[in-house]
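Working through the structure, step by step
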Amino acid sequence: MSASTATTTRDWTTSRMPDMTAKTVVVTGANSGIGLEAARVFAAKGAHVVLAVRDEVRGRLAATAIGGSTEVRRLDLADLTSVRSFAAQWSEDIDVLVNNAGILVPPFALTVDGFELQFGTNHLGHFVLTNLLLPQISGRVVTVASNAHRIGGLDFDDLNWTTRRYSRSRAYADSKLANLLFTLELQRRLSSAGSPVLAVAAHPGWAATNLGSTSYGPVMSTGTRMLNRIVAQDAVMAATPTLFAATERLPGGSYSGPSRRREMSGPPALATPGANATDPIAAARLWDSSEALTDVHFPFLSQP
C-alpha cells in the first residue's frame, strides 16, 4: 500500500495515517488489547478490517464496538490446522497483515501440534499464517514483538524446551526474539524475490492490557498493577507503534516502538532492536527450523 510521508519525529499521531478506503487489513488477536485498538483505527480510516480471532463470540462483540467495515474469522494460532484452514479459505487481496496475537508467560504447555505454547503461538503460528497468505499480500506484514526480546537467546537444539528447565519469562523472550528474526529473514527473502511487500516489526512498550493477566501469580500480578499505574500507557497509545509500522514510509525490516522513557511509552518512532535480533545467520537458521517443524515454505522463488 502507499504510505504516508516519511517521518521519524517523536510527535506522530494517527492523524498522519493515510485514508485506507478500499484497503483490507487482517489483524490477529483483534478482540482485545492493542489488536482491538489498532483494528478500531484502521476501520476509522476506512479500511475493511478482518478480526482473526480464536473466540468468534468475543470477536463479533469487538467488531460491533469497532464499527465501520469489519469481518470476523476464526483463527487459533496454537493449532496449525486452524491456521491452514484460515489461509485456505482466503482468496481476497490483503493490504496489511498484522501479526498481533500473542500469549505471555503461561505455565508450560504444548500447542495442538506439540510445540511449546509461547514459541508455537507467538512465532510458529504467525510464520505459517504469513507464508500461506503471502501470495495475497500486496502491502506489508507487521509483526508485533516486544523489547523482552533483548534477554532472549534461541536454543536451536531445544526450541520446544524438551530438555531444558522451563522458564516462562525466558520462553516469552525467545518467542519475541523469534518475531524479530522472522521479520529480518522475511524481508531478506522478499527483497531477493523482487517482491514489493515489506516486512516490519513493532513493539507496544509497557502496555496496560490484559495480556498475561491470568498467567501471573498473586505477587507478580500485584507488582504488575503497581507498575502499570506508574509507567504503562493504555492500549490506545500502545497500539500506535503498530499503526505507525503499518502505514508510515519505513525501510523493510525496521522496528518501531514508543519514543520516550526508554521505549516504554510515548508516540511511536523508529527503534533499535537488540544485537541478538539483527543476526542474519540466526534469522536464516530460525527460518529453516520453522520450515522443518511446520512443513510450510516461503512461496516465492528468489531471483538469481
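The preceding data block contains the structure.
Residues numbered from 1 in each chain as written. Predicted model: local features only at pLDDT ≥ 70, side-chain atom pairs only at ≥ 80, totals over all residues. Heavy atoms only, no water.

1. Considering the packing of helix α4 (residues 117-133) against helix α9 (residues 280-294)
Relative orientation of the contacting elements α4 and α9 amounts to 85 degrees, with a least axis distance of 11 Å. With respect to their mutual orientation, α4 and α9 come out roughly perpendicular. Taking contact as the criterion, the partners of F119, H123, L124, F127, V128 and N131 in α4 are, on α9, L286, W287, S290, E291, L293 and T294. Across the contact of α4 with α9, the residue classes tally to seven nonpolar, four polar and one charged. (Axes fitted to C-alpha atoms, helices over the stretch in contact; angles between N-to-C directions. Helix = DSSP H or I, 4+ residues; strand = E, 2+ residues; numbered from the N terminus. Parallel < 35°, antiparallel > 145°, perpendicular 65-115°, else oblique. Contact = heavy atoms within 4.5 Å. Nonpolar A, V, L, I, M, F, W, Y, C, P; charged D, E, K, R; others polar.)

2. Focus on unusual backbone geometry
With phi around 45 degrees, V105 is a residue other than glycine that occupies positive phi space. Topologically, V105 is positioned in the loop between β4 (94-99) and α4. We note that D295 has phi near 60 degrees; this positive angle belongs to a residue other than glycine. Among the residues examined, D295 registers a relative accessible area of 61% and is labelled exposed. (Buried < 20%, exposed > 50% of the residue type's maximum accessible area, 1.4 Å probe, protein only.)

3. Notes on the packing of helix α1 (residues 33-44) against helix α2 (residues 56-66)
Running from N to C, α1 and α2 point in directions that differ by 40 degrees, and their axes come no closer than 10 Å. On the basis of their axis angle, the class for α1 and α2 is oblique. Where α1 crosses over α2, the two elements pack in a sense that is right-handed. Listed contacts from α2 to L36, A39, R40 and A43 of α1 are A62, A65 and I66. Of the residues belonging to the contact of α1 with α2, the class tally is six nonpolar, no polar and one charged. (Left-handed = near helix turned anticlockwise from the far one by under 90°.)

4. Observations regarding the pattern of salt bridges
For the coordinates displayed, the defined rule picks out ten salt bridges. R188 is paired through a salt bridge with E185; the nearest N and O atoms lie 2.8 Å apart. Separated by three residues within a single helix, R188 and E185 lie in helix α5 (residues 168-192), roughly one turn from each other. Taking the shortest distance from any N to any O, the salt bridge between R189 and D288 comes out at 3.9 Å. Of the two residues, R189 is situated in helix α5 and D288 in helix α9; the sequence distance between them amounts to 99 residues. Within this structure, E185, R188, R189 and D288 form a network of salt bridges that share partners. (Salt bridge = Lys/Arg side-chain N within 4 Å of Asp/Glu carboxyl O.)

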